[in-house]
Amino acid sequence: MKIYPSFSKIEERQSLVDGDIPIAYVSVENREINMNVEKITQITDQGDITEPVYPYTPVQDTNEYLFDEAGTVADNTTFIEKVNGVNVIKAGIVKEFTPERFKASVTVKKNMDFDITKAVNLRIGVIESSMSSIAKNLVSITGDGGRRGMIPANMRINNEDTSIDSFYDFNESELDLLIIESHDGVHYAETNEVIDFEHFLHQHINVLIATNEMQDIFEKVSAQEIFDDEGFALDMQEPFNYVIQEPFCYKEEFITLDKITGYWYMNELLAKLRGTSNDIYQPRYLFVDNQPVGAIENVGNAFLLFSEKGIFEAALANRQFISEMLLYIYYRGYKNIQTETNWIADETISMLYSPKNYYMDNQSVINIVKLLTKVDPYITAFTIHGVETDNSNVKYLSRTLEGNLRFAKLSPTDPTRQKGTTSIYTRNGSIVHYKEKLYRRETSYNYRVQEMASTYEVTVDAIKSSKYSLDTMAQVANVPKQNGTYLICAKPMIKELFILRQADFSDDYIPLLRLDVVEKNTRKLFDAFVPGGGLPVQYDDDYNYLDIASIEGRPYRISSGVVIKLPRQLEEYDKEIRSEIEKHQSSGEIIKIKYE
């Protein structure tokens, strides 16, 4: 068989002429339409949400949709009122009243350990004569003293103010310790005014009386009673060594005190205090054996201390003991906290914190740990010494494991709640009994698209939304199969949905879905080198398109003959071979099989 190469040109023609061999044809009648859908407004991404709305809940928009238990939109004109300039919900209120109010005063007794990583903040005041230098000497060790190694690094005195005035200019309500100079332990220095130290103690202010004279209570040790190793009398101005009973920071075996001339008779000091007061006083021994500083605890209030002025005159030499004394006041002293105004009811009610978080109780939450944290975040170990209220009908009961303080009313004062009503403490500070329940609702929605002959049917689920004021039913929108961008929108307080072209959209609408319809005519190439001329089934028969055989893309002549030579041993399979060859035989083609 000979194959004749074709030297014909491949040309594009609108129609065939005689002698043309069709290879392929192009159809420009193919029309494609596609639609892309994008959800624009997501009503909720957390599934359907239903939140109860309680009386006195603020309403930002008076047109906001609220739903009843059946899911029907409630008429907000009947339950939205303006209270103190704010629109609030007042639906279904049967009874409203103000609960019992009270404030609490909580006193705690600290029992803390020294921790260099936790700050010790103390506010110290000084009342002294014009000739004394207690404040000046204290500044020399406390002003930036932690950094300079004069006092423990975690101790902060008067907010590290390095001025002497920081000890003179004070507010009693802020004081932790008040140092008062006295010439006799009874009167202020250089005056005849009696020191009313219980006035300060009852405010939980620790008081230190700095004096060198207190008849029958302070014992001066004469120089003749102290001798050195050779038998010579020592000057009483020489420093003495003492052992601290409970050291916090300095763990030495003993501590040195300079300018100390004696010690205090603790029993006589205690007796004198108990004889002039109804308060409870207990001795506190800061030292082992003799007490160069007398410490008395006014139980439930504060410490009262007595010392010689010499301790502060030699503040630099005595800085370790001064630090230990201040640490004792901080770690073992009292702290009093005043609460805000609280409420308490006869029965358990639902108190609303926020739309998503409420709890059942009959009183305010008063957490002692949180109260102390506001005052001093490092007060962690303590016991509650006493809790008092300013309301005689309210008493303290106990403290829970979580640190909440529980109170009780001695006699009921609230109106009886009717059957079928719910009680709640409102944001307005009142308790209401109410029946009707309203809800804010937000529902998620889905959509489905079905292609029709000339439109796309887009089904959108029903929507309930308080945020957008929507209450729509499931609806079908017909989007035309025409080029363009369309929006399926809702409108506040209207049940129907709208189909808009993007150009017609305005802020009056809430866009739900964006639909991009793309229509285009495409060219399609049909191969004529297949059986039947390559025409698709929807086209009429056209015998101008004849089957053309080919080898490696080169066309045969329309009429041809082919001789196939095969080995003789295959002749017995002639029938099967011819059957396979005929499957590939073109019209006008003669095939001869020879077995040799």
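Here, the structure is the one placed above.
This section reports on the structure supplied with the text. (Residues numbered from 1 in each chain as written. Predicted model: local features only at pLDDT ≥ 70, side-chain atom pairs only at ≥ 80, totals over all residues. Heavy atoms only, no water.)

## Looking at the pairing of strand β3 (residues 80-83)
As judged from the four bridges shared by β3 and strand β4 (residues 86-89), these two strands associate in the antiparallel manner. Bridged to Val 83 within β4 is Val 86. Here β3 folds back onto β4 in antiparallel fashion, the turn holding two residues, of which Asn 84 has a positive phi close to 55°. (Pairing = 2+ DSSP bridges. Helix = DSSP H or I, 4+ residues; strand = E, 2+ residues; numbered from the N terminus.)

## Here we look at the pattern of salt bridges
Applying the stated criterion across every chain, the model contains 22 salt bridges. In this structure, Asp 414 and Lys 409 form a salt bridge, with 3.4 Å as the shortest nitrogen-oxygen distance. Lys 409 shares its class with Asp 414; the two are buried. Asp 471 is paired through a salt bridge with Lys 495; the nearest N and O atoms lie 3.2 Å apart. Taken together, the residues Asp 471 in strand β32 (residues 470-472) and Lys 495 in strand β35 (residues 494-501) connect sequence positions 24 residues apart. When salt bridges with common partners are traced through the structure, they connect Glu 100, Asp 346, Lys 409 and Asp 414 into a single cluster. (Salt bridge = Lys/Arg side-chain N within 4 Å of Asp/Glu carboxyl O. Buried < 20%, exposed > 50% of the residue type's maximum accessible area, 1.4 Å probe, protein only.)

## Points about unusual backbone geometry
Look at Asn 159: it is not a glycine, yet its phi comes out positive at around 55°. For His 204, which is not glycine, the phi dihedral falls at a positive 65°. With respect to the helices and strands, His 204 occurs in the loop between α4 (197-201) and β12 (206-210). On the basis of relative accessibility, which here comes to 15%, the residue His 204 falls in the buried class.

## As for the sheet that holds strand β23 (residues 382-389)
Across the sheet, three strands lie side by side as β20-β7-β23; this open sheet has antiparallel pairing. Two strands close off the open sheet at either side, each with one partner strand: β20 (334-338) and β23. Here the average twist between neighbouring strands, direction ignored, is 20°. Bridging between strand β7 (residues 104-110) and β23 involves seven bridges; their strand directions are antiparallel. (Axes fitted to C-alpha atoms, helices over the stretch in contact; angles between N-to-C directions.)

## Comments concerning the packing of aromatic side chains
Per the counting criterion, the structure on display carries 15 aromatic pairs. Consider the rings of Phe 114 and Tyr 331, whose centres lie 6.4 Å apart with planes at 90°: the pair is edge-to-face. In this pair, Phe 114 sits in the loop between β7 and β8 (120-122) while Tyr 331 sits in helix α7 (residues 319-332), placing the two residues 217 residues apart along the sequence. Residue Phe 114 is classed as partly exposed on the basis of its relative accessible area, which comes to 26%. Aromatic pair Trp 264 and Phe 306: ring centres 5.7 Å apart, planes at 45°, arrangement tilted. Of the two residues, Trp 264 is situated in strand β16 (residues 262-264) and Phe 306 in strand β19 (residues 302-307); the sequence distance between them amounts to 42 residues. As far as the burial class goes, Trp 264 and Phe 306 line up, both buried. Among the aromatic side chains, those forming a connected cluster through ring pairs are Phe 114, Phe 248, Phe 303, Tyr 328, Tyr 330 and Tyr 331. Between the NZ or CZ atom of Lys 39 and the centre of the ring of Tyr 445, over which it lies, the distance is 4.2 Å. (Phe/Tyr/Trp six-rings, centres within 6.5 Å; stacked < 30°, edge-to-face > 60°. Lys NZ or Arg CZ within 6 Å of the ring centre and 35° of its normal.)

## A few points about the pairing of strand β28 (residues 438-442)
Within β28, four of the five residues are buried, which leaves the element mostly enclosed by the surrounding structure. The sheet contact formed by strand β2 (residues 49-53) and β28 spans five bridges and is antiparallel. Bridge pairing links Glu 51 to Arg 440 in β28.

## A short note on the environment of Ile 349
Looking at the element boundaries, Ile 349 is found in strand β21 (residues 342-354). Measuring from C-alpha to C-alpha, the distance between Ile 349 and Asn 362 comes to 5.6 Å, with 13 residues separating the pair along the chain.

## Regarding the sheet that holds strand β9 (residues 124-127)
With mixed pairing, six strands are arranged side by side in an open sheet as β9-β11-β12-β19-β18-β17. In this open sheet, the two edge strands, each paired with only one partner strand, are β9 and β17 (281-284). Adjacent strand axes in the sheet meet at a mean angle of 20° when their direction is disregarded. The pairing of strand β18 (residues 294-298) with β19 spans five bridges and is classified as antiparallel. What sits directly across from Ala 295, in β19, is Leu 305.

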